[in-house]
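# Secondary and tertiary structure notes
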Amino acid sequence: MDLTRMAPFELGDLIVIPAERLIIGSVGRFDLPPLRMKALVMLARHAPDAVASDELLTELWSSSASDQSLLNAISDLRKALALAGASEDIIESGHRTYRLTLLPNFDAVSVPSPDSNPYPGLASFSAADRIYFSGRNEDLGALIANLENKSPLVLLLGASGIGKSSLVAAGLVPHYERECRYSCHTIDCARADTLQSLEQKWLRSLTPSANVSGGGHLLIIDHLEKLLDTVESSESIDSLVQVLRTALAIPKVRVVALLRSDWYPRLIEFPALVALLRENTTQLLANLPAAELREVVMRPARLAGLTFELSPNGASLADQILVDAQGGRDQLPLLSVLLAQLYELRTSANVLTFEAYERLGTFSSCLARHAEQSLTELSDSDRAALPRVSLALL
């Protein structure tokens, strides 16, 4: 078995990189000896079926070896996977057989690396970089529970930059695609053809017979506020409500609509939409508590192999950043922009330093610095159009 020729794959929340004999999990990066990695790859290739001990012995040792040798190797593999954040029962033992209790994902995997910025700045997390996404476990669990136990439609409400799009794209969509085998479709209400696409493509793809067996359909409606602020708003919203009522009458259809909280009072202008929302569930996203905010800082760094500098008295730069971030209204977008900028100033040893943090200035000014940098990168024509575009965004 040539590990160097094997592509990375996902195993639950772990990323396995056979060529580098590396496992990346929620608590960091771990090297795996070649023999253990070969055993893991064999189990992954056969999953969910079991692999006979004799087959493992032949592949791993290419000569006679005892069952005890294999037992020791599997035991060590279980421990290594547990250190990376997996459950120890991830490998199940039978009568001289072993099998993985999780199905691996061999689709193209985004591998965390110090050469790639793990912090998105003002962009949202996507399904492709979901490995970096953290801090919203309770909110994700509540969203799934609301969709499955309360109502098939949930209005996800939160301030601009609070992480609504990231929660859905990097948390909810992967869950429904991988765990529930749902087809997921996202529409952006900022696009002019939103309703036409919804009616002509998505709604027509739904049939009761297609949903009775297998997976269902998840629809994400992003930037709902954009539909509330057009000349044709009333007509557009009524059409949207009609489409949603038709879709929600079909089994295994779930819908999540994302709305900025400052637009919530405007809903009263649209009685049909208010009636639909009252029949379903509204979930509010708030600022993260301290423990989850720490994960937003630490998890991407651990996965990408970055470290935060320690001061002479042993205090971590990460602790200082978290203290500075507490209590701010826009803590998440500011924190994300700051960490993205700090990454660009990392040392050659991939250390995020106090000197770089001080060079960036205060925590609250990082967004202004980001805006100034973006402004300098605009062409003369784009800069001239900026006042008109800014007014259109208000």
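Preceding this section is the structure that the text describes.
Before going into details, it helps to say that this report is about the structure given with it.

The rules we used
Residues numbered from 1 in each chain as written. Predicted model: local features only at pLDDT ≥ 70, side-chain atom pairs only at ≥ 80, totals over all residues. Heavy atoms only, no water. Pairing = 2+ DSSP bridges. Helix = DSSP H or I, 4+ residues; strand = E, 2+ residues; numbered from the N terminus. Axes fitted to C-alpha atoms, helices over the stretch in contact; angles between N-to-C directions. Contact = heavy atoms within 4.5 Å. Expected span 1.5 Å × (residues − 1). Buried < 20%, exposed > 50% of the residue type's maximum accessible area, 1.4 Å probe, protein only. Arc of directions from axis to C-beta.

Here we come to the sheet that holds strand E11 (residues 217-222). Strands sit in the order E10-E11-E12-E9-E13 across an open sheet of five strands; the sheet is parallel. The open sheet has two edge strands, strand E10 (183-188) and strand E13 (281-284), and neither has a second partner. Looking at each pair of strands side by side, their axes are set apart by 20° on average, direction ignored. Across the face of the sheet, helix H6 (residues 194-202) comes into contact with E10, E11 and strand E12 (253-260) while running at roughly 155° to E10.

Our next topic: helix H3 (residues 67-83). The end-to-end C-alpha separation of H3 is 24 Å, in line with the 24 Å expected for 17 residues at 1.5 Å each. Taken as a whole, H3 has its buried residues at Leu70, Ala73, Ile74, Leu77, Arg78, Ala80 and Leu81. Each buried residue of H3 sits inside an arc of 165° when the element is viewed along its axis, so together they form one side. Buried residues along H3 sit in contact with strand E2 (14-17), strand E3 (22-25), helix H1 (34-46), helix H2 (53-61), strand E6 (91-93) and strand E7 (97-100).

Moving on, we come to helix H12 (residues 331-344). End to end, H12 covers 20 Å across 14 residues, agreeing with the expected 20 Å (1.5 Å per residue, within 8%). Within H12, 13 of the 14 residues are buried, leaving the element largely enclosed by the surrounding structure.

A sheet is described by the order of its strands in space; here five strands give the open sequence E4-E3-E2-E1-E8, paired in antiparallel fashion. Only two strands of the sheet have a single partner each, and these edge strands are strand E4 (28-31) and strand E8 (104-105). Where E3 lies against E4, four bridges are found, and the strand directions are antiparallel. If you follow Leu22 over to E4, its bridge partner there is Asp31.

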